[in-house]
Amino acid sequence: MTAPEQWQDDVLAGRGGAMTDEVGVITGELTLRTLADPDGKVRFEIQYRDADEWYTLTGSPVAHGDPYALHLAALRAVRAGGGAGAPHPGA
């Protein structure tokens, strides 16, 4: 089985933070991880910086687009805040 491609960056969430499936909105200093699965989906996971638990960014996974471009779009969304969720290809 092939491991997913992935990108990971620290990001400071804007006002209103990022929305997760598991715990709702999280704010502050976060880490975003984007994984391009071999099955054609792009998953977004987010955590408080240096924490152990990862959460699913609401709206994840998305249909495969350019996974790196989607990672950058997710970073922009989290920086903007407002309960940011997963970006979608073409959006």
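The structure we're discussing is the one just above.
Residues numbered from 1 in each chain as written. Predicted model: local features only at pLDDT ≥ 70, side-chain atom pairs only at ≥ 80, totals over all residues. Heavy atoms only, no water.

A.B. asks: Looking at this structure, I do not really get the pattern of salt bridges. What am I missing?
C.D. replies: Any two side chains of opposite charge can pair if their charged atoms end up close together. Across all of its chains, the model carries five salt bridges by this definition. Arg43 is paired through a salt bridge with Glu45; the nearest N and O atoms lie 3.0 Å apart. A network of salt bridges, in which partner residues are shared, links Arg33, Asp37, Arg43 and Glu45. (Salt bridge = Lys/Arg side-chain N within 4 Å of Asp/Glu carboxyl O.)

A.B. asks: What is the right way to read the side chain of Thr31 from this model?
C.D. replies: Turning to its location among the elements, Thr31 is positioned in strand S4 (residues 29-36). Relative accessible area serves as the criterion here: at 4%, Thr31 is assigned to the buried category. Separated by 2.7 Å, the side chains of Thr31 and Asp10 make a polar contact. Those residues within four positions of Thr31 in sequence are excluded, and the remaining contacts are Gln8, Asp9, Asp10, Glu45, Ile46, Gln47, Arg49 and Trp54. (Helix = DSSP H or I, 4+ residues; strand = E, 2+ residues; numbered from the N terminus. Buried < 20%, exposed > 50% of the residue type's maximum accessible area, 1.4 Å probe, protein only. Polar contact = N/O pair within 3.5 Å; in protein donor to acceptor, adjacent residues only side chain to side chain. Contact = heavy atoms within 4.5 Å.)

A.B. asks: Sorry if this is basic, but what is going on with the side chain of Glu45 here?
C.D. replies: On the secondary structure map, Glu45 appears in strand S5 (residues 41-48). For Glu45, a relative accessible area of 15% puts it in the buried group. Only 2.6 Å separates the side chain of Glu45 from the side chain of Arg33, close enough to count as a polar contact. Only 3.0 Å separates the side chain of Glu45 from the side chain of Arg43, close enough to count as a polar contact. Among all residues touching Glu45, those that are not within four sequence positions of it are Thr31, Leu32, Arg33, Leu35, Trp54 and Tyr55.

A.B. asks: Is there a simple way to explain the pairing of S5 in this structure?
C.D. replies: For a regular strand, the rule is simple: side chains alternate between the two faces of the sheet. The pairing of S4 with S5 spans seven bridges and is classified as antiparallel. Directly across from Leu35, in S5, lies its bridge partner Arg43. Both S5 and strand S7 (residues 62-63) contribute to a ladder of two bridges, which runs antiparallel. When the bridges of S7 are listed, Val42 appears paired with Val62. Here S5 pairs with strand S6 (residues 55-56) via two bridges, running antiparallel. Looking at S6, one finds that Glu45 is bridged to Thr56. (Pairing = 2+ DSSP bridges.)

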